[in-house]
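A look at the structure
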Amino acid sequence: MADVDSVNSDGTEATSASKDKLFDPSVDMLVNDFDDERTLEEEETLAAGESEDPSAELSSLQKESNMPLEELLALYRYREMQENDSPIDEDTEEPSETMEEQESEVDAQEETSKLRALYDAIPDSDPDASRLLRFSRVSEEEDEDYDYSPDEDEWRKVNKTIMVGSDYQAVIPEGLCNYDDALPYENEDKLLWDPNPLEKHVIENFLKKAATLAKPPIPLGTQIRDDEQVLYLLQQCGHNVEEALRRIRINVIPNSDTMSLWSEEECKNFESGVRCFGKNFHLIQQNKVRTRSVGELVQFYYLWKKSERHDIFANKIRLEKKKYTLHPGLTDFMDRFLEDQDGRDRSSSPNVQYSGSDNKKPTDIVQTNQKPPPEA
Amino acid sequence: MSTKKVSYFYNPDVGNFHYGTGHPMKPHRLSVIHSLVLNYGLHNKMQIYRPYKASAHDMCRFHSDEYIDFLQRVTPQNIQAFTKHLSHYNVGDDCPVFYGLFDFCSMYTGASLEGAMKLNNNHCDIAINWSGGLHHAKKFEASGFCYVNDIVIGILELLKYHTRVLYIDIDVHHGDGVQEAFYLTDRVMTVSFHKYGNYFFPGTGDMYEIGAESGRYYSVNVPLKEGIDDTSYWQIFKPVISHVMEFFQPSAIVLQCGADSLANDRLGCFSLSTKGHGECVKFVRDLNVPTLVVGGGGYTLRNVARCWTYETSLLVDEEISNELPYTEYFEFFAPDFTLHPEVVTRQENANSRQYLEAITKYVYDNLKMCQHSPSVQVHDVPGDAISDSDKMKEEEDPDVRISQELDDKTVTVKNEFYDGDKDQDKEEIEV
């Protein structure tokens, strides 16, 4: 760093490297045919300093490999700054540079090599750190997902070049063409809602009226909510508000795509499925919740995940795990058996709440007894 | 500024797929976004479509028949029978075979394809498909969570009507699938801003990848280092895209809005805020060129949802409050429950100003090398409303005039500049 500083502090250009990107030779320089030999020498000494002998380089690499990450980062960020500064200084101290910028072809090459220097100055810190960034950085919310880490060799195999050949490029249609008379897929999509034909306040009024008619199962607050189904109905009625309201009144709301309410039994089965198969929703569907599609299970999972029910579920699992590790080999199989039995019993009996103590099997009670001192 | 007609494509089932335990790609983010979009009332500003589902035939416009056939047949149950194919098509670890795989692909691909068609017919100015944007998929194989490349298929559709299509990619990963597909053509320019180096996926996207043969100089790569923030990103995005517009003059744009370039993404390493990310979208919107907007990466669910909801609001030009409306997914946005939470990142910005300036200059020099605005032969351009005999299609009998009916159906390509009578450039387009 000292060398770089000296370049900046003596001589005519004391401004910081970041400011003097464009070199503007002073009148004085032009008149006196200014040629800065001194900088050349300085560059040479800089270069000499950089090309250490191989053994020294090896030993420094060795040292770095044992260094803690923070130190290593600090070291490289420092180096990077130095490297970023020096080529720029070099640019600015050559008056001819400004001339050359006119000739893009020649310049491109030269510019590239300088860019290359910046480009390569990537702090090649710990490669492991970047790998972590790529795949297993875990945010607190997704802690359950931390197990995703494909093995490194897979990543090394990745094609790192763009391939050229008929196996790789798309076939570009030649020229332009018109669609035929019938638009492709004209009737295969569905316009669910077009806001344009009606004024905003008409729509709002309609939504208000529709909301009072629909009598939702859960109070939704005073705010006007956008009800996709109702709007779709309005669309189907050709934006005829009266007709749409009439249809709502006689209750012919078309079969909704939104989720119907899940029964307690389905919830229970779902939870027991998650316990057995993790997030393999297909297996859960096959073995536990046959009344729902896999898609519905996925949808339910995301809503369930943030519910109180899930917290209770997760707590329970956590306690169980702890118990197994506390008494290895003692109660494992029996407990699991009981658990399964219990799961089955529960799933057949509707309206069971987790809070209901009468449904707790003996092992559960043991658990709760163990709960107060969590470290025990 | 005239308000734009926006169409939004969403299949209510597209969110209900699951890549498998621990996989960072979560299609359910799409349901969360849709729920926010509705509850912000943004659908009052755009047409909502439940899109067409793409057929295997549509997918084969880009992909090989064998590969699509494989995707159609493989399921978690019969996977054993396909062991050989799995590695051949790169399906397995990153791109798992999950239940409903092909359905998922046909939903997101159909939406992009239809968006492209609606743009071609001037049915809208902006088409949004957040479920699309799977930019890594290759002609013969899956890659990086992507199976079918809906972007390539969408662009191929746009090329039916547009002489030049621009592809912009702000995902943290390089848009390698799209770049490769159009590597040899000058009709599609691909521009990708991404993290490059240290074996970051997919490993391509070096600034020296500039295209080949006729496509030389028509692939633009802007490799960035980790930790780039809003200011630095804007410093490079704006000049690069401005130069690209100046030299390439596309008549349609496809914008891939990968949200893994946001701060604190599970896989990404940039430090953009939702506002900084949205700034790019706003910039592209204001170019006043028909645009297909697609999603892409984005692996921290709550942030993806915030980002794309905000960007939907930008595209329909409607301000929405920072306070999130109540939705069934409200709990996902704890503890702040806002649209623009403060960005807290430990990631240092490794992109120096000099580096960004140098890259911009390099890109500019390359762009100067491409001939100004290549074009397809003039006689193929579809006619506009005023019929001229010289605009008849070549293959048609020259003695028969274009019927009025046919003529009404033809669409004029915007941004195709003419002089005199045909001048349609009355509205000045800012470059």
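Residues numbered from 1 in each chain as written. Chains lettered and ligands numbered in written order. Predicted model: local features only at pLDDT ≥ 70, side-chain atom pairs only at ≥ 80, totals over all residues. Heavy atoms only, no water.

For chain B, an unreviewed UniProt entry supplies the name Histone deacetylase and the organism Pyrocoelia pectoralis. As recorded by UniProt, the Sequence similarities (unreviewed entry) comment attached to chain B reads in full: "Belongs to the histone deacetylase family. HD Type 1 subfamily." Taken directly from UniProt, the Catalytic activity (unreviewed entry) text for chain B runs: "N(6)-acetyl-L-lysyl-[histone] + H2O = L-lysyl-[histone] + acetate". (UniProt positions renumbered as here; feature names shortened; annotations may be inferred.)

As named in an unreviewed UniProt entry, chain A is Mesoderm induction early response protein 1, taken from Pyrocoelia pectoralis. Per UniProt, chain A carries the Subcellular location (unreviewed entry) text "Nucleus".

Quick look at the overall build of chain A now. Along the backbone of chain A there are 18 helices and one strand. In chain A, buried positions account for 35% of the 376 residues. For chain A, the proportion of contacts with a sequence separation of at least 24, taken over those separated by at least 6, is 59%. When the accessible surface of chain A is summed, it comes to about 23500 Å², and 53% of that surface belongs to carbon and sulfur atoms. (Helix = DSSP H or I, 4+ residues; strand = E, 2+ residues; numbered from the N terminus. Buried < 20%, exposed > 50% of the residue type's maximum accessible area, 1.4 Å probe, protein only. Contact = heavy atoms within 4.5 Å. Areas by Shrake-Rupley, 256 points an atom, 1.4 Å probe, with all protein chains shown as cover.)

Per the counting criterion, the structure on display carries 22 salt bridges over all chains. Two residues, Arg246(A) and Glu243(A), come together in a salt bridge whose shortest N-O distance is 3.1 Å. Taken together, the residues Arg246(A) and Glu243(A), both in helix 12 (residues 241–249) and three residues apart, mark about one turn of the helix. Note that Arg61(B) is salt-bridged to Glu157(B), the shortest N-O span being 2.3 Å. You can see Arg61(B) sitting in the loop between helix 2 (56–59) and helix 3 (65–73) and its partner Glu157(B) sitting in helix 6 (residues 150–158), a full 96 residues away along the chain. We classify Arg61(B) as partly exposed; its relative accessible area is 24%. The class of Glu157(B) is buried, set by a relative accessible area of 1%. (Salt bridge = Lys/Arg side-chain N within 4 Å of Asp/Glu carboxyl O.)

In this section: the pairing of strand 2 (residues 47–50) of chain B. Two elements, strand 1 (residues 190–193) of chain A and strand 2 of chain B, share three bridges in a ladder whose sense is antiparallel. By the bridge assignment, Leu191(A) is partnered in strand 2 of chain B with Tyr49(B). Across three bridges, the pairing between strand 1 (residues 6–9) of chain B and strand 2 of chain B is parallel. Looking at the pairing, Phe9(B) lines up with Tyr49(B) of strand 2 of chain B. Assessed by its sense of winding, the connection that carries the chain from strand 1 of chain B through helix 1 (residues 29–39) of chain B to strand 2 of chain B is right-handed. (Pairing = 2+ DSSP bridges. Right-handed = clockwise from strand over helix to strand, strands pointing away.)

A few words on the packing of aromatic side chains. Evaluated as defined, the whole model comprises 35 aromatic pairs over all chains. Taking 3.8 Å as the distance between ring centres and 10 degrees as the angle between the ring planes, the aromatic pair formed by Trp262(A) and Phe300(A) counts as stacked. With Trp262(A) in the loop between helix 12 and helix 13 (264–277) and Phe300(A) in helix 15 (residues 294–305), the pair connects residues that are 38 residues apart, well separated along the chain. For Trp262(A), a relative accessible area of 12% gives the class buried. On the basis of relative accessible area, Phe300(A) is assigned to the buried category, the value being 11%. Ring geometry for Tyr326(B) versus Phe330(B): centroids 5.2 Å apart, planes at 55 degrees, classification tilted. The exposure class of Tyr326(B) is exposed, given its relative accessible area of 53%. An aromatic cluster of three or more residues is present, and its members are Trp262(A), Phe270(A), Phe281(A), Phe300(A), Tyr301(A), Tyr302(A), Trp304(A) and Phe313(A). In this arrangement the basic side chain of Lys306(A) is found over the ring face of Phe332(B), its NZ or CZ atom lying 5.0 Å from the centre. (Phe/Tyr/Trp six-rings, centres within 6.5 Å; stacked < 30°, edge-to-face > 60°. Lys NZ or Arg CZ within 6 Å of the ring centre and 35° of its normal.)

All names here are of chain B. Following Phe 201, the chain continues to Pro 202 via a peptide bond in cis, the omega torsion being -5 degrees. Locating Pro 202 in the fold gives a position in the loop between strand 5 (188–195) and strand 6 (219–224). Geometrically, the link from Ala 334 to Pro 335 is a cis peptide bond, its omega value of 0 degrees lying close to zero. With respect to the element layout, Pro 335 can be found in the loop between helix 10 (301–315) and helix 11 (353–369). If you check the backbone angles, Asn 198 has positive phi at about 55 degrees while not being a glycine. Its place among the elements puts Asn 198 in the loop between strand 5 and strand 6. Located in the positive-phi region is Asn 288, a residue other than glycine, with phi close to 55 degrees. Mapped onto the secondary structure, Asn 288 falls in the loop between helix 9 (274–285) and strand 8 (291–294).

Let's shift gears to helix 13 of chain A. Since the α-helix packs 3.6 residues into each turn, any two residues three or four apart lie on the same face. Residue and element names in this part refer to chain A. For helix 13, built from 14 residues, the straight-helix expectation of 20 Å at 1.5 Å per residue is met to within 8% by its first-to-last C-alpha distance of 20 Å. Of all 14 residues making up helix 13, 10 are buried, and the element is well covered by its neighbours. Buried within helix 13 are the following residues: Glu 264, Glu 266, Cys 267, Lys 268, Asn 269, Phe 270, Glu 271, Ser 272, Gly 273 and Val 274. Looking one or two residues beyond helix 13, the residue adopting positive phi is Gly 278, at roughly 65 degrees. (Expected span 1.5 Å × (residues − 1).)

Once that is clear, we can look at the packing of helix 11 (residues 228–236) of chain A against helix 12 of chain A. Each pair of packed helices gets described by two things: the angle between the helix axes and the distance between those axes. Residues and elements named next belong to chain A. Orientation of helix 11 relative to helix 12, taken along the N-to-C sense of each, is 125 degrees, at an axis distance of 8 Å. Between helix 11 and helix 12, the crossing angle belongs to the class labelled oblique. The hand of the helix 11/helix 12 crossing is right-handed. Judged by residue contacts, Val 230, Leu 233 and Leu 234 of helix 11 engage Val 241, Ala 244, Arg 247 and Ile 248 from helix 12. Here the contact of helix 11 with helix 12 is built from residues that sort into six nonpolar, no polar and one charged. (Axes fitted to C-alpha atoms, helices over the stretch in contact; angles between N-to-C directions. Parallel < 35°, antiparallel > 145°, perpendicular 65-115°, else oblique. Left-handed = near helix turned anticlockwise from the far one by under 90°. Nonpolar A, V, L, I, M, F, W, Y, C, P; charged D, E, K, R; others polar.)

Right, let's talk about the side chain of Ser271(B) for a bit. Residues and elements named next belong to chain B. Here Ser 271 shows up in the loop between strand 7 (252–256) and helix 9. We classify Ser 271 as buried; its relative accessible area is 6%. Those residues in contact with Ser 271, other than ones at most four positions away along the chain, are Gly 227, Ile 228, Asp 229, Asp 230, Ser 261, Ala 263, Val 343, Thr 345 and Gln 347.

Attention now goes to the sheet that holds strand 1 of chain B. If you walk across this open sheet you meet the nine strands as 1(A)-2(B)-1(B)-3(B)-8(B)-7(B)-4(B)-5(B)-6(B), and the pairing is mixed. Each edge of the open sheet carries a strand with a single partner, namely strand 1 of chain A together with strand 6 of chain B. Looking at each pair of strands side by side, their axes are set apart by 20 degrees on average, direction ignored. Contacts from helix 6 of chain B reach strand 3 (126–129), strand 4 (165–169), strand 5, strand 7 and strand 8 of chain B within the one sheet, and its direction differs from that of strand 7 of chain B by about 170 degrees. Running over the sheet, helix 9 of chain B touches strand 3, strand 4, strand 7 and strand 8 of chain B and is turned about 170 degrees from strand 7 of chain B.

Here we come to the side chain of Asp194(A). Here Asp194(A) is to be found in the loop between strand 1 and helix 10 (200–214). Within the structure, Asp194(A) has its side chain in polar contact with the side chain of Gln47(B) (distance 3.0 Å). Ignoring any residue separated from it by four or fewer positions in sequence, one finds Asp194(A) in contact with Gln235(A), His239(A) and Gln47(B). (Polar contact = N/O pair within 3.5 Å; in protein donor to acceptor, adjacent residues only side chain to side chain.)

Residue and element names in this part refer to chain B. Structurally, Gly 296 can be placed in the loop between strand 8 and helix 10. Between the alpha carbons of Gly 296 and Asn 129 there is a distance of 9.9 Å; along the sequence they are 167 residues apart. Beyond its immediate chain neighbours, meaning those up to four positions away, Gly 296 contacts Met 25, Arg 29, Gly 132, Gly 133, Asp 171, Gln 256, Gly 258 and Trp 308.

What follows deals with helix 6 of chain B. Most of helix 6 of chain B sits out of view: nine of its nine residues are buried. Turning to helix 6 of chain B, its buried residues are Asp150(B), Ile151(B), Val152(B), Ile153(B), Gly154(B), Ile155(B), Leu156(B), Glu157(B) and Leu158(B).

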